[in-house]
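# Survey of secondary and tertiary structure
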Amino acid sequence: MTPEPAARAPETALDAYSRIVTSVAADLTPHVAALEVRGADGRGGAGSAVVVDDAGLLLTNAHVVAGARAGRAVFADGSEVDVDVVGADPLSDLAVVRARGGTPPPAELGDAGTLRVGQLVVAVGNPLGLAGSVTAGVVSGLGRSLPTRDGRTARVVEDVIQTDAALNPGNSGGALADAASRVVGINTAVAGWGLGLAVPINATSRRILAALVADGRVRRAYLGLVSTPAPLPAELALRTGRRRGLRIVDVVPGAPADRSGLRRGDLVLEAGRRPVADAQSLQRLLFTEAIGEPLPLTVFRSGAMVDVIAVPGELTG
């Protein structure tokens, strides 16, 4: 008599979680390279990079390739290819490199605009010698700003995704993916213990990618704000018919925002006569055509509406 097979235990929530993470890791690891670059002065950098098209373009962080012109990409299957740095945009911390030979097929790009706080995300990197570095967590914040500095030049990376997926050294430039293995962000920094940040994949970052491929750089208007989305006070929300604005949590000294009189604590309601509800609402306005042009902003300050005129400068350095 043939014994009956043992009954299969029902899938637990932990099993489902593990299945999703392992599936995303298997899907994305082949598309994420370990990137090593070196500049003319001999200085080098290392991180990860994600294949984003069939023509051999890889997306990574600007700080990973800073000052470099070329390097090599090493994939999880052991294949290697020389790469050239096409361009970098420090304001978004995004950069593009082009492979001189064949690469694995591109990863699928998603839309960070669909993310929600609490949603599962998986960070996939490829630090040199540690192929397929994978961590998982949840989206813990959206629309964050990240102040950065390069020598004397202060910059602010806007509209950053905050996640508690731990980022290992060398994971900068790697992929942040949703449960369907779509790349929704490029991991950019470790902000603190248990905190990771990623540049979102959205309409703005696609515009940046196109500009880098076409021109090698992005001319960016620059205000110099550190901001976060914030709810409007109930009375103001009733009066304006809006629910959210953009709270200024810091202003870079000497930046256009500082010279215009914008202050920490101001709640930005409009920019360019358009409603502002998150960092991306403002970032969309800060491309080439905004440089040197008056930008009207309406802020809520100390219980009153205040109109401010800022003149964005061009990010340099």
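We now turn to the structure provided with this report. All values reported here derive from a predicted model rather than from experimental measurement.

Quick look at the nonpolar core now. With 30 residues, the main nonpolar core has Leu 28, Val 50, Leu 59, Val 96, Val 183 and Ile 186 as its most contacted residues. In terms of residue count, helix α3 (residues 203-215) provides more of this core than any other element does, four residues in total. When sequence neighbours within four positions are dropped, the list of residues in contact with Leu 28 reads Ala 107, Val 124, Ala 175, Ala 177, Ser 181 and Val 183.

This brings us to the side chain of Thr 60. Looking at the secondary structure, you find Thr 60 in strand β3 (residues 57-60). Classification of Thr 60 by relative accessible area gives buried; the value is 0%. At a separation of 2.7 Å, a polar atom in the side chain of Thr 60 contacts the main-chain carbonyl oxygen of Ser 48. Apart from the residues lying within four places of it in its own chain, the contact partners of Thr 60 are Leu 35, Ser 48, Ala 49, Val 65, Asp 93, Leu 94, Ala 95, Ser 172, Gly 173 and Ile 186.

Unlike most non-glycine residues, Asp 93 shows phi in positive territory, near 60 degrees. Positionally, Asp 93 belongs in the loop between β5 (80-89) and β6 (94-99).

Right, let's get into the environment of Arg 247. Inspection of the secondary structure puts Arg 247 in strand β15 (residues 244-251). Separated by 19 residues in sequence, Arg 247 and Asp 266 place their C-alpha atoms 5.9 Å apart. Once you skip the residues sitting within four places of it in the chain, Arg 247 turns out to touch Val 226, Ser 227, Thr 228, Ala 230, Gly 265, Asp 266 and Leu 267. A polar side-chain atom of Arg 247 sits 2.7 Å from the main-chain carbonyl oxygen of Gly 265.

Attention now goes to the side chain of Asn 126. Residue placement: Asn 126 occurs in the loop between β7 (120-125) and β8 (133-150). What makes Asn 126 buried here is its relative accessible area of 3%. Within the local environment of Asn 126, its side chain forms a polar contact with the backbone oxygen of Val 32, the two atoms lying 2.8 Å apart. Reaching out from Asn 126, the side chain makes a polar contact with the backbone oxygen of Val 74 at a distance of 3.4 Å.

What the rule picks out here adds up to zero aromatic pairs. For the cation-ring pair, Arg 207 lies above Phe 287, with the distance from its terminal atom to the ring centre recorded as 4.0 Å.

About the cut-offs
- Residues numbered from 1 in each chain as written.
- Predicted model: local features only at pLDDT ≥ 70, side-chain atom pairs only at ≥ 80, totals over all residues.
- Heavy atoms only, no water.
- Core = buried A, V, L, I, M, F, W, Y, C linked by side-chain atoms within 4.5 Å.
- Buried < 20%, exposed > 50% of the residue type's maximum accessible area, 1.4 Å probe, protein only.
- Helix = DSSP H or I, 4+ residues; strand = E, 2+ residues; numbered from the N terminus.
- Contact = heavy atoms within 4.5 Å.
- Polar contact = N/O pair within 3.5 Å; in protein donor to acceptor, adjacent residues only side chain to side chain.
- Phe/Tyr/Trp six-rings, centres within 6.5 Å; stacked < 30°, edge-to-face > 60°.
- Lys NZ or Arg CZ within 6 Å of the ring centre and 35° of its normal.

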